[in-house]
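Residues per chain are reported as follows:
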Amino acid sequence: LLPDTANNQLIIGGEFSYIHSALHPSIAKYDGVAIDSIGAFSCNPNFALGMCGGVVYATDCNTMLVRGQNPYQNLWQPIDSGFGGTALCYYEKDSVLYVGGGFNSVGQITGGSLAYWNGQRFRDIALPFSYGMVSDITFFRDTMYVVADFPDSTRGTSSRVLRRTCSCRGWIDITPVFGSTSSWASSLEVYKNELYLAGSFSKADGCIGNSILKYDGILWHDVANGIDQSGSYGQVFELHVFRDVLFVGGFFQSANGIAANNIAAWDSTDWYGLGGTFNQSIMAINDWNDELYVGGRFTEIDGIQTNY
């Protein structure tokens, strides 16, 4: 979900092919009244949307696309033929667009997965491990942080949280202890001068928190027992700050014993539920026109058909 304030619309990307029975692959727009086409991609799904300088960027399989300057034409054009792979996250800072994901080339660099776009071409940002899959990027206290999965010695993957050094030539690994090889992390958000990390991990596996942690710049801390774990429940996919509250979306039933169906709110002291019963997970959260929007795998809320 990407607010496009310049054109007063919410852009929606994901894994879908139709809107109201009409073919509209992977991308759509909402103007406050109806969901409609905003062009079409040849490949499904669209994993991420980003904006820099009022220009919207998206990913279509192995191609990075930019929307034309006239948004009413709904034209998407490829940029930089050196980009090959999938973008999973974008972050804009100081008129520079940072992109992370799973791409095997950017510009003339192979084995990348983290880069920035200066308006003319991509530049690689070298990571300390090869063949990573960067799932989120943020800046905390003016320093870049990323969360990514890298191959490990078991031929599986492990999540790592990395902080870029002041020299901009190296990284510090600040990954908390997850314990289980099945644990993962995928989302970062800054809230009230602390860095929050979310995913699927548990105190029962040796971690200090349940699916959400916060970092004060030195140490990781539990977030009031976090998201309750029960079977496959207890996963967090998205974090978003709105009206000075941190909203947490995923696949869970409660947070610290408080009923919260796939979405919860944290005010830096207590957890709250928002009401409503989603029949599947929430994968995306954003705000537009001072309202909160969620997207995900759900098809019903309180038994009423509500597709995604």
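About the cut-offs
- Residues numbered from 1 in each chain as written.
- Predicted model: local features only at pLDDT ≥ 70, side-chain atom pairs only at ≥ 80, totals over all residues.
- Heavy atoms only, no water.
- Helix = DSSP H or I, 4+ residues; strand = E, 2+ residues; numbered from the N terminus.
- Rg over C-alpha atoms; globule rule 2.2 N^0.38 Å.
- Buried < 20%, exposed > 50% of the residue type's maximum accessible area, 1.4 Å probe, protein only.
- Contact = heavy atoms within 4.5 Å.
- Areas by Shrake-Rupley, 256 points an atom, 1.4 Å probe, with all protein chains shown as cover.
- Lys, Arg positive; Asp, Glu negative; His and termini not counted.
- Charge placed at Lys NZ, Arg CZ, Asp CG, Glu CD.
- 1 Å grid on protein atoms, 1.4 Å probe; cavity = no way out; pocket = protein on both sides within 12 Å on 5 of 7 lines; lining within 4 Å.
- Points joined across faces, edges and corners; volume = space filled by probe spheres on them.
- Nonpolar A, V, L, I, M, F, W, Y, C, P; charged D, E, K, R; others polar.
- Phe/Tyr/Trp six-rings, centres within 6.5 Å; stacked < 30°, edge-to-face > 60°.
- Lys NZ or Arg CZ within 6 Å of the ring centre and 35° of its normal.
- Pairing = 2+ DSSP bridges.
- Axes fitted to C-alpha atoms, helices over the stretch in contact; angles between N-to-C directions.
- Salt bridge = Lys/Arg side-chain N within 4 Å of Asp/Glu carboxyl O.
- Core = buried A, V, L, I, M, F, W, Y, C linked by side-chain atoms within 4.5 Å.
- Disulfide = S-S within 2.5 Å.

Peer 1: Before we go on, may I ask you to explain the overall build of the protein in this structure?
Peer 2: Each helix and strand counted, the protein has zero helices and 33 strands in total. On C-alpha atoms alone, the protein measures out to a radius of gyration of 19 Å, which is about the 19 Å that the 2.2 N^0.38 rule sets for 308 residues. Projected onto the principal axes, the alpha-carbon positions of the protein cover approximately 50 × 50 × 35 Å. Of all 308 residues assigned to the protein, the portion counted as buried reaches 49%. A fraction of 38% describes how many contacts in the protein between residues 6 or more apart in sequence connect residues 24 or more apart. Of the roughly 14600 Å² of accessible surface on the protein, 47% is carried by carbon and sulfur atoms. Counting 16 positive and 29 negative side-chain charges, the protein places the averaged centre of each group 9 Å from the other.

Peer 1: Is there a simple way to explain the layout of surface pockets in this structure?
Peer 2: Gaps left between atoms are located by rolling a probe of water-molecule size over the structure's atoms. Considered as a void within the structure, the second largest pocket measures approximately 200 Å³ in volume. As for the second largest pocket, its lining consists of 13 residues, of which Ser 158, Ser 159, Phe 178, Gly 179 and Ser 180 are closest to the centre. Broken down by class, the residue content of the lining of the second largest pocket amounts to three nonpolar, eight polar and two charged.

Peer 1: Before we go on, may I ask you to explain the packing of aromatic side chains in this structure?
Peer 2: Pairs of aromatic rings are described using the distance from one ring centre to the other and the angle between the two planes. Taken as a whole, this structure holds 18 aromatic pairs when the rule is applied. Both rings, one in Tyr 215 and one in Trp 220, keep their centres 4.8 Å apart while their planes meet at 40°; by these two values the pair is tilted. Of the residues examined, Trp 220 reaches a relative accessible area of 13% and is grouped as buried. Taken together, the ring pairs in this structure connect Tyr 91, Tyr 98, Tyr 116 and Phe 139 into an aromatic cluster. If you follow Lys 93 out to its NZ or CZ, it ends over the ring of Phe 139, 5.2 Å from the centre. Above the face of the Phe 129 ring, Arg 160 is positioned so that its terminal group lies 4.2 Å from the ring centre.

Peer 1: Please explain the sheet that holds strand 6 (residues 35-37) as it appears in this structure.
Peer 2: Pairing between the strands of a sheet comes from backbone hydrogen bonds, and it takes one of two forms, parallel or antiparallel. One open sheet holds the four strands; their spatial order is 1-2-5-6, and the pairing between them is antiparallel. Since the sheet does not close on itself, it has two edges, and those belong to strand 1 (2-4) and strand 6, each with one partner. Pairwise comparison of adjacent strand axes, ignoring direction, gives a mean angle of 35° for this sheet.

Peer 1: Honestly, the side chain of Ser 200 in this entry has me stumped. Any pointers?
Peer 2: Structurally, the position occupied by Ser 200 is in strand 21 (residues 194-200). For Ser 200, a relative accessible area of 17% translates into the label buried. Residues contacting Ser 200, with those up to four places away along its chain left out, are Ser 183, Trp 184, Ser 211, Gly 234 and Gln 235.

Peer 1: Please explain the pairing of strand 21 as it appears in this structure.
Peer 2: Where a strand is regular, its side chains alternate between the two sheet faces. Extensive coverage of strand 21 is indicated by the burial of seven of its seven residues. Neither face of strand 21 is open: one carries Glu 194, Tyr 196, Ala 198 and Ser 200, the other Leu 195, Leu 197 and Gly 199, and all of them are buried. Taken together, the seven bridges between strand 20 (residues 184-191) and strand 21 define a ladder with antiparallel strand orientation. Within strand 21, the position partnered with Val 190 by the bridge is Leu 195. The hairpin turn running from strand 20 into strand 21, its antiparallel successor, is two residues long, and Lys 192 in that turn takes a positive phi close to 50°. When strand 21 meets strand 22 (residues 212-215), the two strands line up antiparallel, connected through four bridges. Directly across from Ala 198, in strand 22, lies its bridge partner Ile 212.

Peer 1: So what exactly am I meant to see when it comes to the pattern of salt bridges here?
Peer 2: A side chain with one charge may pair with a side chain of the opposite charge, provided their charged atoms come close. Inspection of every chain in the model, using the stated rule, returns eight salt bridges. Between Lys 93 and Asp 94 there is a salt bridge, with its nearest N and O atoms 3.9 Å apart. Relative accessible area serves as the criterion here: at 63%, Asp 94 is assigned to the exposed category. Among the ionic pairs, Asp 244 bridges to Lys 192, the shortest N-O distance being 3.7 Å. Pair noted here: Asp 244 is in the loop between strand 24 (235-242) and strand 25 (245-251) and Lys 192 is in the loop between strand 20 and strand 21, with a separation of 52 residues, a long-range link.

Peer 1: Can you help me understand the nonpolar core in this one?
Peer 2: Nonpolar side chains in soluble globular proteins tend to end up buried together. By size, the foremost hydrophobic cluster in this structure holds 17 residues, and its most contacted members are Tyr 57, Met 64, Ile 79, Phe 83, Tyr 90, Val 99 and Phe 122. With four residues, strand 12 (residues 96-106) is the single largest residue contributor to this core. Setting aside its immediate chain neighbours within four residues, Tyr 57 contacts Ala 48, Leu 49, Gly 50, Cys 52, Leu 65, Val 66, Trp 76, Ile 79, Tyr 90, Leu 97 and Trp 117. By size, the runner-up hydrophobic cluster in this structure holds 16 residues, among which are Tyr 191, Tyr 196, Ile 227 and Leu 246.

Peer 1: Would you mind going over unusual backbone geometry with me for this structure?
Peer 2: Most peptide bonds take the trans configuration, and most residues that are not glycine carry a negative phi. In this structure, Lys 192 is a non-glycine residue whose phi angle is positive, near 50°. If you check the backbone angles, Ala 224 has positive phi at about 45° while not being a glycine.

Peer 1: Please clarify how the state of the cysteines should be interpreted in this entry.
Peer 2: Throughout this description, disulfide means a covalent bond between two cysteine sulfur atoms. Scanning all chains against the criterion turns up zero disulfides. Counting only cysteine sulfurs, Cys 89 is the nearest neighbor of Cys 52, a cysteine outside any disulfide, at a range of 14 Å. What makes Cys 89 buried here is its relative accessible area of 5%.

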